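# Structure assessment
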Amino acid sequence: MTSAKTTPRTLLVISAHAGDFVWRAGGAIALAAARGERAKVVCLSFGERGESAGAWRAGRTLDEIKAIRREEAENAAATLGAEIEFFDAGDYPLVETTELVDRLVGVYREAAPDVVLTHPLADPYNGDHPAAARMALQARVLAQAAGYDAPGEPLGAPPVFFFEPHQPEQCDFKPDVLLDITAVFDRKRKAMECLPAQQHMWDYYTDLAKRRGVQLRRNAGPNLGLPHDTMGEAYMRLYPQVTGVLE
Ligand SMILES: [Zn+2]
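The shown structure was predicted, so the numbers you read here are calculated from the model rather than taken from an experiment.

## So, the layout of surface pockets
The volume enclosed by the second largest pocket comes to roughly 310 Å³. Where the lining of the second largest pocket is concerned, the elements lending two or more residues are helix 1 (20-34) and helix 7 (200-220). For the lining of the second largest pocket, the residue count by class is six nonpolar, eight polar and four charged.

## Remarks on the packing of aromatic side chains
One pass over the structure, following the stated rule, counts four aromatic pairs. Joined through ring pairs, the aromatic side chains of W23, Y204 and Y205 make up one cluster. Its guanidinium or amino end placed over the ring of F87, R103 lies 3.9 Å from that ring's centre, counting from NZ or CZ.

## Re the coordination of the zinc ion
At this site the zinc ion is bound by H17 (ND1), D20 (OD), D20 (OD), E51 (OE) and H129 (NE2), with donor distances of 2.1 to 2.6 Å. Along the chain, the residues that donate to the zinc ion are spaced as H-x2-D-x30-E-x77-H. With H17 in the loop between strand 1 (10-15) and helix 1 and E51 in the loop between strand 2 (38-43) and helix 2 (53-57), this residue pair connects regions lying 34 residues apart in the sequence. Each member of the pair, H17 as well as E51, carries the same accessibility label: buried.

## What to know about unusual backbone geometry
Of note, the bond from Y92 into P93 is cis; its omega dihedral lies within 30 degrees of zero at 5 degrees. If you trace the backbone, P93 turns up in the loop between strand 3 (83-86) and helix 4 (98-111). A positive phi angle, near 50 degrees, is found at D88, a position not held by glycine. Structurally, D88 can be placed in the loop between strand 3 and helix 4. Accessibility expressed as a relative area gives 39% for D88, which makes it partly exposed.

Basis of the calculations
- Within each chain, residues carry numbers counting from 1 in the order of the written sequence.
- Reporting in this predicted model follows two pLDDT cut-offs: at least 70 for local features of residues, and 80 or more for side-chain atom pairs to be given and counted; totals over whole chains, interfaces and linings ignore these cut-offs and use all residues.
- Computation of side-chain values covers all heavy atoms of the structure but excludes hydrogens and water.
- Residues are said to line a cavity or pocket when one of their atoms sits within 4 Å of a point; the points come from a 1 Å grid over protein atoms alone, cavities being sets where a 1.4 Å probe fits but cannot get out and pockets being open sets with protein on both sides within 12 Å along at least five of seven lines.
- Grid points are joined across faces, edges and corners, and a volume is the space filled by probe spheres set on the points.
- Helical segments are the DSSP runs of H or I of at least four residues, strand segments are the runs of E of at least two, and each set is numbered from the N terminus.
- Gly is put with the polar residues, along with every residue not named as nonpolar or charged; the nonpolar set is Ala, Val, Leu, Ile, Met, Phe, Trp, Tyr, Cys and Pro, and the charged set is Asp, Glu, Lys and Arg.
- For Phe, Tyr and Trp, rings pair up if their centres lie within 6.5 Å, where Trp contributes its six-membered ring, and each pair is then called stacked (planes under 30 degrees apart), edge-to-face (over 60) or tilted (otherwise).
- A positively charged side chain is recorded as over a ring if its NZ (Lys) or CZ (Arg) lies within 6 Å of the ring centre. The angle to the ring normal must also be within 35 degrees.
- With water omitted from the atoms examined, metal sites may look incomplete; donors here are N, O and S atoms no farther than 2.8 Å from the metal, or 3.2 Å in the case of Na, K and Ca.
- For each residue, the accessible area found with a 1.4 Å probe, counting protein chains only, is set against the maximum for its type, and the residue is called buried under 20%, exposed over 50%, and partly exposed in between.

Now the structure itself:
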């Protein structure tokens, strides 16, 4: 399907905390950047309270931890080839406000994304994740309205993909898209290694990529028993796929 847009495609990733986009969507981001597309990440917070336990135990202050997590996330985004913007909205809890949603509308209007990635709407382990998703989705709808008072043109209807949560079964997450990230997995691993505050996640998300890669191959054709090194990321679509050909 051809696009009327003449500018490069844009991927927009909206995450609650500084590390979320790396574990869950680093492959998609690196693939977009490798194709020459624009990839933009919005971190609503630094994950300074809820996902920085080591730094708290080491006696760091809140401001020090925010600075550490910012630098880590900036390095990870640069490794993946993405721009990154921090809203510094606070975490644990991330509080939903009309101001944050309005800032996100501004991001949508400026970036005019072709694809949006965010958290699933359920996560009984971490309320910040669904809060980020709700704001991301509300802002997308508001950005579509011609009458919403924000700079830029009304947004089209970019598809929304939920990236994989840490406890997928408890978050009603059943993959319906498996993305082949083999070509960029080394880059994703390097980005993960930019986040020493969450070092326990590096091997976990490497193993997950292997498992999703096995499932990807199983769904791609008759290859049972054949050796392969496919790496994958799982996603769920929120809205129906639009197509002229069933595939
Ligand atoms: Zn998080």
